[in-house]
Amino acid sequence: HATKRTMADHLRKYESLFTLTPQRMRMIVEAFTETLDLGLAKPNQIVPMIPTWVFGWPTGKETGDYLSLDLGGTNLRVCLVTLQGDGKFEITQTKYRLTEEQKQDDGQKLFDFCAECLQTFIESNTGDGPGELKPGQPLPLGFTFSYPCSQDRIDHGELIRWTKGFGAPNTEGQDVAGMLRKSLEKYQLRVQLTALINDTTGTLIASHYVNPRTKVAVIFGTGCNAAYMERVKSIPKIADRGIDMDAEMGINCEWGAFDSFEHEHLPRTKYDAIVDDSSNKPGEQAFEKLISGRYLGEICRLVICELIDEGVLFLGQNTYKLEKPYCFDTAFLSLMESDPTDELLMIIGIFTHFFALETTLAERQFFRALAKLISRRAARLSSCGIAAIVSKMGYLDEGCSVGADGSLYNKYPGFADRIHEGLVDIFGDKGRNIVTHHAEDGSGVGSAIIAAMTKARR
Ligand code: ADP
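The model shown is predicted, which means the values in this text are computed figures rather than measured ones.

Quick notes on the rules
Residues numbered from 1 in each chain as written. Predicted model: local features only at pLDDT ≥ 70, side-chain atom pairs only at ≥ 80, totals over all residues. Helix = DSSP H or I, 4+ residues; strand = E, 2+ residues; numbered from the N terminus. Rg over C-alpha atoms; globule rule 2.2 N^0.38 Å. Buried ≥ 20, exposed ≤ 12 C-beta atoms within 10 Å, placed from the backbone. Contact = placed C-beta atoms within 7 Å. Pairing = 2+ DSSP bridges. Axes fitted to C-alpha atoms, helices over the stretch in contact; angles between N-to-C directions. pLDDT = per-residue confidence, 0-100. Parallel < 35°, antiparallel > 145°, perpendicular 65-115°, else oblique. Left-handed = near helix turned anticlockwise from the far one by under 90°. Near = placed C-beta within 6 Å. Core = buried A, V, L, I, M, F, W, Y, C linked by C-beta atoms within 7 Å. UniProt positions renumbered as here; feature names shortened; annotations may be inferred. Expected span 1.5 Å × (residues − 1).

(A) Just the overall build of the protein, in detail. Each helix and strand counted, the protein has 15 helices and 13 strands in total. Relative to the compact-globule value of 23 Å for 458 residues, the protein shows a C-alpha radius of gyration of 23 Å, a close match. Counting only residues that meet the buried cut, the protein has 46% of its 458 residues in that class. Sequence-distant contacts, at least 24 apart, represent 73% of the contacts inside the protein between residues at least 6 apart.

And the structure:
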């Protein structure tokens, strides 16, 4: 069968483009480790290794009621977290949708909206029942703000730059904790902002609270980032701050920036170069652009479009719907890989329903294989980042757990297995000592635990 042979030939080409050998992975790990150390040594590096001012692990015995506000990307979430000690907690939450206008409107207005949502939440959760807030009870608040901020202390942080499509003016360079405080005062809320954290840091602390073997946290969502606990004596850039050298501090790596601008270490295909060139920030977030949910579907689409141009796919059909940038969501890759039928009916559905295109079985098998190549590369690259932290911290022999969250990790079939295979390819059998697990609700619970830890330190 001629078509089938042709598709198989094409697939071999993409296999060689998207496959990472163990040897190549080990080279990436080495460069990654050096980059992490550089970020700890000097300020303002490409991978900034931001000190979080979260000192050490929670004891697991933290208790009390905490509010948390999570400004992440698509939604604003308000949670009431009741820490019960012994690694247990209860959580009540409400999501409020953010409009595109709010993301671009004046920054103080955005924080006013946060305060307004908090007010509504507090009013509807106050009462005499169990799990309710008592009238007049003062409330500590943890604020999860998942954009790079430089921090000098836990309850303060200057926004370095907006990412993920936000652009609210009068916010970059400002103390976002101070801006939120101003809005809390305006609405006269009985709330005290005690901690400003990043979602990776929250996930790190929340995972450790539940599972003390957790040493690292990684987010696989719209973006990709990691946090871990570092020895203060290994963070030379804050050596003059008078901090106890035997203490430990959480580090928000902002590792999505690895290999930005120089493009020396990561294997980029021409499709990756197109994604980068046509993005709103070319050159930036080079590692993230190969891994995260925002980009994997687009990489796949670009390969498909190349084969359309070469006259290989969809002959005689109108493909205009597939030609729109970012029309092919990463969730489609997930769906294609999880199709259980021999005929690949799910893939028929995707192409007819969303793109008005007929597919042959050989094409569908090719699309599925392509999705696997792209997501496998993403998973294996993240193994390299995890491996860099693990080997630098000496966790390989005793082993550790990695708390992970985000749709790509939670919903993509086999993504976790591929990370684990990658770790074995890098470390050999010892790689099995490193295991990832889904961190439940890290950003909400984490900020509550950190608020509790902060209170205890005062
Ligand atoms: P965020 O990072 O914004 O907090 P998520 O963790 O949900 O939110 O990540 C959103 C990203 O996950 C989007 O880029 C989307 O394309 C991708 N995504 C959504 N559903 C799936 C899925 N089923 N499989 C893989 N990726 C998905």
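(B) Geometry of the pairing of strand β11 (residues 248-252). Direction of pairing for strand β1 (residues 50-55) relative to β11: antiparallel, over a ladder of three bridges. Its bridge partner lying in β11, F55 is registered against M249. The sheet contact formed by strand β10 (residues 224-231) and β11 spans five bridges and is antiparallel. Following the sheet pairing, E230 is matched in β11 by M249.

(C) Quick peek at the sheet that holds strand β4 (residues 88-97). Read from one edge to the other, the open sheet built from five strands follows the order β4-β3-β2-β5-β8, with strand pairing classed as mixed. Whereas interior strands pair on both sides, the edge strands pair on one side only; in this sheet they are β4 and β8 (191-197). The mean angle between the axes of side-by-side strands here comes to 25°, regardless of whether they run parallel or antiparallel. Of the pairings in the sheet, the one linking strand β5 (residues 139-145) to β8 comprises six bridges and is parallel in character. In the sheet register, F143 faces β8, and the bridge partner there is L196. The strands touched by helix α4 (residues 107-124) within the sheet are β2 (63-71), β3 (75-85), β4 and β8, with β3 carrying the most contacts at an inclination of about 50°. Running at roughly 160° to β8, helix α5 (residues 176-186) makes contact with β5 and β8 of the sheet.

(D) A look at the confidence of the model for the protein. Summarising the model, the protein shows a mean pLDDT of 94, and 99% of its residues fall at 70 or more. In the model output, the complex is listed with pTM 0.94 alongside ipTM 0.99.

(E) Seen up close, the packing of helix α7 (residues 270-277) against helix α9 (residues 293-309). Following both chains from N to C, one finds α7 and α9 inclined at 120°, their axes separated by 9 Å at the closest point. It follows that α7 is oblique to α9 by the angle criterion. The interaxial crossing formed by α7 with α9 has right-handed handedness. Here Y271, D272, I274 and V275 of α7 come into contact with α9, specifically with Y295, E298, I299, L302 and V303.

(F) How the structure looks around the site of the ligand. Among the 16 residues in the neighbourhood of the ligand, the closest are listed as G73, G221, G293, S334 and S407. Those elements that place two or more of their residues in the shell around the ligand are α9, α10 (330-338) and α13 (407-411).

(G) Local environment of the nonpolar core. Judged by nonpolar contacts, the single largest core of 126 residues is most densely connected at C300 and I449. Considering each element in turn, this core owes the most residues, 14 residues, to helix α12 (residues 361-393). When residues no more than four places from it in sequence are discounted, the contact partners of C300 are F328, L333, L370, A371 and I374.

(H) Region of the structure containing the UniProt feature "domain: Hexokinase N-terminal" (unreviewed entry) in the protein. Here, UniProt's "domain: Hexokinase N-terminal" (unreviewed entry) annotation points to residues 11-209. For residues 11-209, helix accounts for 37% and strand for 27%, while the C-alpha atoms at its two ends are 45 Å apart.

(I) Examining α12 more closely. For α12, with 33 residues, the first-to-last C-alpha span of 48 Å sits near the 48 Å given by 1.5 Å per residue. One or two residues past the end of α12 sits G394, with phi positive at roughly 70°.

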